[in-house]
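# Observations on the model geometry
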Amino acid sequence: MAKIIKKDAENVTVGLDNGTFEVYPLSSCNGFTPEAGMIVDVFKNGDAVVISKAAAPAAAPADNTQVVPHQVNKIAYVLLCFFFGGIGIHKFYAGHWILGLLYLIFCWTFIPAFIAFIEFIIGIIKPADNNGNYKA
């Protein structure tokens, strides 16, 4: 990995990992227009030099484990929403614990039941993926 330090009309100055910098002709850039601060890869073979854009590294979780989103089955979610939506069971199923608690606390007002009925209609209309799951 290297970083473009400066670009002028004919040359590109590249800072290398070892703390040095080198000047290469602008024609060394492989299919992109270099900009100062851009991260690049520098490939050398004898006198030939090719500078290419570095691929952006994928952001990984801090503990190096893959985060799998909570899978919510559409049919189960919609049925829970219709029959037990007034007390927030569908929110607990979807992994929204705080909303589930709010539905449970305010269930006596019937406001959560009304909201759950609207969510039921949205849940029926909203498409699921190939496995029958969707983001609730």
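Shown above is the structure to which this text applies.
Residues numbered from 1 in each chain as written. Predicted model: local features only at pLDDT ≥ 70, side-chain atom pairs only at ≥ 80, totals over all residues. Heavy atoms only, no water.

## Some details on unusual backbone geometry
Phi is positive for Phe110, close to 65°, though the residue is something other than glycine. Secondary-structure assignment places Phe110 in the loop between helix H3 (97–105) and helix H4 (111–125). On the basis of relative accessibility, which here comes to 62%, the residue Phe110 falls in the exposed class. (Helix = DSSP H or I, 4+ residues; strand = E, 2+ residues; numbered from the N terminus. Buried < 20%, exposed > 50% of the residue type's maximum accessible area, 1.4 Å probe, protein only.)

## Things to note about helix H1 (residues 74–84)
Given 3.6 residues to a turn, an α-helix orients residues that are three or four positions apart in the same direction. Here H1 has its buried residues at Lys74, Tyr77, Val78 and Cys81. Along H1, the residues classed as buried sweep out an arc of 95° about the axis, all on the same side. Residues of H1 that are exposed and angled more than 90 degrees away from the buried face: Ile75 and Phe83. Tucked inside the fold, the buried residues of H1 contact helix H2 (89–94) and H4. (Arc of directions from axis to C-beta. Contact = heavy atoms within 4.5 Å.)

## Considerations on the packing of aromatic side chains
With the rule as written, the count across this model stands at four aromatic pairs. Between Phe82 and Phe83 the ring centres are 5.0 Å apart and the planes differ by 85°, which places this aromatic pair in the edge-to-face class. Here Phe83 falls in the exposed class, since its relative accessible area comes to 56%. A ring pair is formed by Phe82 and Phe120, whose centres lie 4.8 Å apart and whose planes are at 45°; its orientation type is tilted. One end of the pair, Phe82, is in helix H1; the other, Phe120, is in helix H4, and 38 residues separate them in sequence. Taking relative accessible area as the criterion, Phe120 reaches 16% and is therefore assigned buried. Feature note: the residues Phe82, Phe83, Phe117 and Phe120 constitute an aromatic cluster, connected by ring pairs. (Phe/Tyr/Trp six-rings, centres within 6.5 Å; stacked < 30°, edge-to-face > 60°.)

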